[in-house]
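Examining the three-dimensional arrangement
Okay, here's what each chain looks like letter by letter:
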Amino acid sequence: LITAWGVAHGRRERNGVLDPNQWYPLSPLSFLLQVAWLELWLRVASPSTDQAKLPRRFRQVLFLDVFGDAEGWDPTQAEDEDAPREDMPDWNKELCAGADDDDDNGAEEALDTVTSQAATQLTLVQCAMRRWQAVPDSCFSAEQRKELDQYTEHFLSWGNTIAKELERRAQQPELKETFELELRPWQELSPEEHLADPFNKCLLGPFEDSSSGHEARQYHYDLDSQQTIYHENLSKVCPGALVLELEAVGAILRDLEHEARNMLELRIKRDLLAATRRQQRLA
């Protein structure tokens, strides 16, 4: 306002341009007020004094609160007033109060459980992928081949992620050999490994045979006997046989991704709690 008032009342030349030699005695006051305004906003935007260090006065922070720190937060509360403990996530309560040895043991046990589940799911996916990769290329349609390649890429990505996490688990060394970077072909497995396959005796498919020039015929592939079984003969040759479809492989992969994300989340929270406790001990 001071600047606008000075410009409006400044001396002008005949053509309406401000006189360059005009003296504005109140101009320093404008700069001082600008500094005070910026300082005010810096104080408003300053982070809270708790361990989260979040500028909670801004509502947009809630959209960036990936760890749920502001859960139960009331914007009408004072800046440094803690959120009610009963409204906080369980892991955040531990951050605020500190965790004892029992909490450490509980976190490790939970991580051990989730890690074992992820390793089991990884083994299941490997068995399913190995069976489908053993199907002759002549059986696949272009769409099925593209879909299988996508699943293979997805499997390798999450498999590597889980394998790196398993290497961190000194408490579970038996899980480190779970992931095979390059799956051994089905033909190289021993008879005992064939029998231990959770998809043993499952047919693969369905596929379509359009080589005869007539209407396409649907069939399944029996990996154990290395033969094709047409749909009309399925109930006679393999009564009650289960089918591992390509869509089922995709569903198993999605379960693997879910287990991997759970494992990563628990491990990150455990590391965060451990780092917080170290800082509290040094404080």
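The preceding data block contains the structure.
These numbers were taken from a predicted model, which means no experiment stands behind them.

**A closer look at the overall build of the chain**
- Assigned secondary structure in the chain consists of eight helices and four strands.
- The order of α-helices and β-strands along the chain, N terminus first, is α-α-α-α-α-α-β-β-β-α-β-α.
- Residue burial in the chain is summarised as follows: out of 283 residues, 34% are buried.
- For the chain, long-range pairs separated by at least 24 residues make up 58% of all intrachain contacts whose partners lie at least 6 apart in sequence.
- Accessible surface computed for the chain: about 18,400 Å², of which carbon and sulfur atoms make up 55%.

**What to know about unusual backbone geometry**
- Following G205, the chain continues into P206 via a peptide bond in cis, with omega recorded as 5°.
- Note that P206 resides in strand β1 (residues 203-209).
- Although it is not a glycine, K201 adopts a positive phi angle of roughly 75°.
- Relative to the helices and strands, K201 resides in the loop between α6 (191-196) and β1.
- Phi at Q226 takes a positive value of approximately 55°, unusual for a residue other than glycine.
- Inspection of the secondary structure assignment puts Q226 in the loop between β2 (217-222) and β3 (227-230).

**What to know about the pairing of β2**
- For β1 and β2, the ladder comprises four bridges, and the chain directions are antiparallel. Bridged to E208 within β2 is Q218.
- Pairing geometry for β2 and β3, over four bridges, is antiparallel. Counted as the bridge partner of H220 is I229 from β3.
- Between β2 and the antiparallel strand that follows it, β3, lie four residues; Q226 among them carries a positive phi value of about 55°.

**A word on the sheet that holds strand β4 (residues 243-244)**
- The strand order across the open sheet built from four strands is β3-β2-β1-β4, with neighbouring strands paired in mixed fashion. One side of each edge strand has no neighbouring strand; the edge strands of this open sheet are β3 and β4.

**Points about the pattern of salt bridges**
- As enumerated under the stated definition, the model contains 12 salt bridges in all.
- One salt bridge connects D197 with R131, and the closest N-O pair in it is separated by 3.5 Å. Residue D197 is located in the loop between α6 and β1, and its partner R131 is located in helix α4 (residues 101-133); the two are separated by 66 residues in the primary sequence. Of the two residues, D197 and R131, both sit in the buried class.
- Ionic pairing is found between D137 and R145, a salt bridge with its closest N-O pair at 2.7 Å.
- A relative accessible area of 59% places D137 in the exposed class.
- Within this structure, E165, R267, R270 and D271 form a network of salt bridges that share partners.

Reading the values: rules and limits
- Residues numbered from 1 in each chain as written.
- Predicted model: local features only at pLDDT ≥ 70, side-chain atom pairs only at ≥ 80, totals over all residues.
- Heavy atoms only, no water.
- Helix = DSSP H or I, 4+ residues; strand = E, 2+ residues; numbered from the N terminus.
- Buried < 20%, exposed > 50% of the residue type's maximum accessible area, 1.4 Å probe, protein only.
- Contact = heavy atoms within 4.5 Å.
- Areas by Shrake-Rupley, 256 points an atom, 1.4 Å probe, with all protein chains shown as cover.
- Pairing = 2+ DSSP bridges.
- Salt bridge = Lys/Arg side-chain N within 4 Å of Asp/Glu carboxyl O.

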